Amino acid sequence: MSALTSLLYQRRWWIFTVVAIIGFTLFTGEFKEAQTTAILASTLRQSTPLLLGALCGMLGERSGVINIGIEGQMLMSAFTGFMVAAETQSLLLGVLAGIATGMLMGASLAGLSVSLQGDQIIAGTVLNIAALGVTSFFFQQGYTLPGKTPMVDLWFLSDIPVLGRVFFSNRPITYLSLLLVPTVWYALFRTTWGLRTRAVGEHPSAAETVGISVAKMRYLNLILAGAIAGLAGAYLSLEAVGSFERNMTNGKGFVALAVMIFGRWNPVGAWGAALLFGYTNAIQTQFQFRGWFTDHPQFVGMIPFVVTIIVLAGVVGRARPPAAIGQPYSRE
Amino acid sequence: MKILRSAFIPLLAVALALLAGAALIALSGASPVDAYLALLEGSFLGTEKVPWTEALGRTLEKATPLVMGGLAVAFAFKAGLFNIGGQGQLIIGALVAGAVGYGFQGLPWIIHMPLALLAGSIAGGLWGTIPGVLKASRGAHEVITTIMLNFVAINLTDWFTSKVWREPGILARTPKIEPSAEIPRWGNIPIGFFVAVAFAFLVWYLLQRTTFGFEIRTVGLNPNAAKYAGISVKRIVVLTMTISGFLAAMGGAIETLGVVGRYEPGFNAGLGFNGITVALLARTHPLAVIPAAILIGAMEASGAIMQFKADVSPEITDIIQALMLLFVATPILVRWFFKDSDENELSVGSSWGSA
């Protein structure tokens, strides 16, 4: 009994936050089922690109490479995904093109930061600026998609009130991102590959002495991570919006980094963090719906970014990144 | 000789980027020669209808905020900090300069103009203090906080222009500034550019010839060593971010007082990123920022003429700039030519996640 009390006490801030969020959600939803479901479903939708971006950043950082270029990877993938889907009128090909683009961008980041041993933050910035330039240069108006990725209801599960509607009535990439959470967790913490990745990120020279190739692991991780970022890009243009817009990522790649840090470089933690950030976006729409602050939409628009800053400032001091992060590795 | 040596890599990067850009232009079906000729005409030479002084004036006009933005990034770099919040600091500076520029009446020019310029720059400096304090006290990385603050600044300036300092009418923008707050032009040549150049020299002096500058560079090279030498790393981090914000904001303030004449939301979007390009192209040397900014400014100034004369989309300059950055930031390029030196290495990654 006392163990339970002390556990509850230890987690008091988490419990407080969860209760506050539930209360606030019910309040903004006027205690009605349809509206509460709408807020939660919107939370999940808003959190998907952040979750995918955070998983991308996580794979890189776990292997010791900071990825500031997630924003650029997502934007470029959103663009190629859209263009391929519009040209071929096949959404599947579009999504695949987005993933391939992300992998290519991941490989270029690896090339710059692993092979050429450039500064990782500058390498990521190069990706961001290049993506913005290339997508603006090649984008032309007038392309249309055959629609968005289709809505899939999962059997009877989607009939469960509220939570069933939220989790089991979604589009394909959203499901995929939910599956990726346990997959990446298992891969990182229960497989040889994950152990090697983390070894390379914590102590590359020790990993090298037991025969793990640091460069190979970093390339592999960044390319896999790129595929996930590519999925995030495809999500934006093919699943969420249904078209491409200039700079449509709008800072999501950077928010994703904050999500990753808040989730402490752990996929499950990142999912929780992504939901929190998704929630700050979802209540914006709810604010508009209820007519709150409609005279001052700018302050509502600030919420996700201010929350990011507060969360970073509040948590990062205690969170510990992988030790070898940021330094190019070379055999002496 | 030393100058030639340090200028070699950036010049090579520019040449390679222009070559790659030419290939892209050719691929898109236009003539690279025409495009680059149009670039030169639009930025320096002038055309049949536009005299060369006007072309040059426009280049310098575009280069002014780039000098300041480049200085802001380069200055923070010296302390090992990566300020990508130049955009937010710039628009805060531009807004406050505009507000002071129209809000005070009857002041003589000698007081009003510097007052508006300084008010804007100081406001942006304080905006830069926020990530500095967050980094020093909480260890929050400035790359994320400055980007987030950019979005907050966009919303905040929108709010001020639509609710507080709004010109009556449909458009959400501040009223025109008083003539006594304007930074004048000398014919076609904007005087604001020379203010920026003066600040480049000032920053160079501060970094190379003062104790404070020495402390900043020490923190940038090795924060632990700096701590043991008795330098307060936290103080340096906060001050550096503040000054960096001040510099970026002054670029915005000069733009408001010398070019636009008021603050309008959405002007010069993306200037913050250009500041990074300028600073890296200059390999973070404060004086090299000037030619780098003129180069990028020339590209910005001639976009319309390139489109008109050579039928090339002006976004090609974005790609060329990204390529320049790519080549200049690639250390292998440096090592091929200078086997012995590591002075040309650029690094900020080591500060990630540690306070």
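Bear in mind the structure is a predicted one, so any value in this text is a computation, not a measurement.

**What about the overall build of chain A?**
Across its full length, chain A carries 14 helices and two strands. Against the 2.2 N^0.38 benchmark of 20 Å for 332 residues, chain A shows a C-alpha radius of gyration of 20 Å, consistent with a compact globule. Seen along its three principal axes, the alpha-carbon backbone of chain A occupies a region of about 65 × 65 × 40 Å. Among the 332 residues that make up chain A, the fraction classed as buried is 50%. Nonlocal contacts in chain A, meaning residues at least 24 apart in sequence, comprise 75% of its contacts between residues at least 6 apart.

**Notes on the overall build of chain B**
A count of helices and strands for chain B gives 15 helices and two strands. Relative to the globule expectation of 20 Å for 355 residues, the C-alpha radius of gyration of chain B, 20 Å, shows essentially globular dimensions. If you line up chain B on its principal axes, its C-alpha atoms span 60 × 50 × 35 Å. Burial analysis of chain B (355 residues in total) assigns 56% to the buried set. Sequence separation of at least 24 residues holds for 78% of the intrachain contacts in chain B that already meet a minimum separation of 6.

**Concerning the nonpolar core**
Of all hydrophobic cores here, the largest spans 202 residues; its most connected members are Val126 and Val259 of chain A together with Leu71 and Val289 of chain B. With residues up to four places along the chain from it excluded, the contact list for Val126 of chain A reads Leu112 of chain A together with Ala322, Leu325, Leu326 and Ala329 of chain B. Membership of the second largest hydrophobic core comes to five residues, among which are Ala199, Ala207, Val214 and Met217 of chain A.

**Considerations on the packing of helix H3 (residues 52–78) of chain B against helix H7 (residues 192–209) of chain B**
Residues and elements named next belong to chain B. It is the contact of H3 with H7, at a shortest axis distance of 8 Å, that shows an interaxial angle of 15 degrees. When the axes of H3 and H7 are compared, the pair comes out roughly parallel. Regarding H3 and H7, the two cross each other, and that crossing is left-handed. Residues Leu60, Ala63, Thr64, Val67, Met68, Leu71, Phe75 and Lys78 of H3 form the contact with H7, whose participating residues are Gly192, Phe193, Ala196, Val197, Phe199, Ala200, Val203 and Leu207.

**Points about the interface of chain A and chain B**
Chain A puts 40 residues into the contact, and the matching count from chain B is 41 residues. Elements supplying a minimum of two residues to the side of chain A that touches chain B: helix H6 (120–138), helix H12 (252–262) and helix H14 (297–315) of chain A. Of all the elements, H6 of chain A adds the most residues to the side of chain A that touches chain B, at twelve residues. Looking at the side of chain A that touches chain B residue by residue, the class counts come to 25 nonpolar, 14 polar and one charged.

**Focus: H6 of chain A**
In this model H6 of chain A runs 27 Å from its N-terminal to its C-terminal C-alpha over 19 residues, within 8% of the 27 Å that 1.5 Å per residue would give. In terms of residue burial, H6 of chain A counts as a mostly covered element, since 16 of its 19 residues are buried.

**Notes on the packing of H3 of chain B against helix H12 (residues 289–301) of chain B**
Residue and element names in this part refer to chain B. Between H3 and H12, whose axes approach to 7 Å, the crossing angle comes to 135 degrees. Viewed along their axes, H3 and H12 adopt a mutual orientation that is oblique. Every pair of crossing elements has a handedness; the one defined by H3 and H12 is right-handed. The residues of H12 that touch H3, namely those facing Arg58, Thr59, Leu60, Lys62, Ala63, Leu66, Val67, Gly70, Leu71 and Ala74, are Val289, Ile290, Ala292, Ala293, Ile294, Ile296, Gly297, Ala298, Glu300 and Ala301. Residues of the contact of H3 with H12, tallied by class, amount to 14 nonpolar, three polar and three charged.

**A short note on the environment of Glu202 of chain A**
All names here are of chain A. Position of Glu202 relative to the elements: it lies in helix H9 (residues 192–202). A count of 16 C-beta atoms within 10 Å places Glu202 in the partly exposed class. In the structure, Glu202 is positioned 72 residues away from Ala274 in sequence and 25 Å away in space, judged by C-alpha atoms. Every residue in contact with Glu202, bar those within four places of it in the chain, is listed here: Pro322, Ala323 and Ala324.

**Overview of the environment of Phe246 of chain B**
All names here are of chain B. Tracing the sequence through the fold places Phe246 in helix H10 (residues 233–260). Along the sequence, Phe246 and Ala76 sit 170 residues apart, while their C-alpha atoms lie 11 Å from each other. Once residues lying within four places of it in the same chain are set aside, the contact partners of Phe246 are Ser121, Ile122, Gly124, Gly125 and Gly128.

**Digging into the confidence of the model for chain B**
Of all residues in chain B, 91% have pLDDT values of 70 or greater, and the mean over the chain is 85. Confidence metrics for the complex model read pTM 0.85 and ipTM 0.83.

**Thoughts on helix H2 (residues 12–28) of chain A**
For H2 of chain A, spanning 17 residues, the distance from its first C-alpha to its last is 24 Å, which sits close to the expected 24 Å at 1.5 Å a residue. Just downstream of H2 of chain A, Glu30 of chain A is the residue with a positive phi angle, here 55 degrees.

**As for the confidence of the model for chain A**
Low pLDDT means the predicted atomic positions in that stretch should not be read closely. Put simply, chain A has an average pLDDT of 85, and 97% of its residues get 70 or more. Across chain A, the element-wise mean pLDDT spans from 73 in helix H7 (residues 163–167) of chain A up to 93 in helix H4 (residues 70–88) of chain A.

**So, unusual backbone geometry**
Despite not being glycine, Asn247 of chain A has its phi angle at roughly 50 degrees, a positive value. Within the fold, Asn247 of chain A resides in the loop between helix H11 (214–241) and H12. For Asn247 of chain A, a count of 14 C-beta atoms within 10 Å corresponds to the partly exposed category. Its identity as a non-glycine residue notwithstanding, Arg283 of chain B has a phi of 50 degrees, on the positive side. One can find Arg283 of chain B in the loop between helix H11 (271–281) and H12.

**Let's talk about the environment of Phe77 of chain B**
Considering the arrangement of structural elements, one finds Phe77 of chain B in helix H3. Using a count of 22 C-beta atoms within 10 Å as the deciding quantity, one classes Phe77 of chain B as buried.

About the cut-offs
- Residues numbered from 1 in each chain as written.
- Chains lettered and ligands numbered in written order.
- Predicted model: local features only at pLDDT ≥ 70, side-chain atom pairs only at ≥ 80, totals over all residues.
- Helix = DSSP H or I, 4+ residues; strand = E, 2+ residues; numbered from the N terminus.
- Rg over C-alpha atoms; globule rule 2.2 N^0.38 Å.
- Buried ≥ 20, exposed ≤ 12 C-beta atoms within 10 Å, placed from the backbone.
- Contact = placed C-beta atoms within 7 Å.
- Core = buried A, V, L, I, M, F, W, Y, C linked by C-beta atoms within 7 Å.
- Axes fitted to C-alpha atoms, helices over the stretch in contact; angles between N-to-C directions.
- Parallel < 35°, antiparallel > 145°, perpendicular 65-115°, else oblique.
- Left-handed = near helix turned anticlockwise from the far one by under 90°.
- Nonpolar A, V, L, I, M, F, W, Y, C, P; charged D, E, K, R; others polar.
- Expected span 1.5 Å × (residues − 1).
- pLDDT = per-residue confidence, 0-100.

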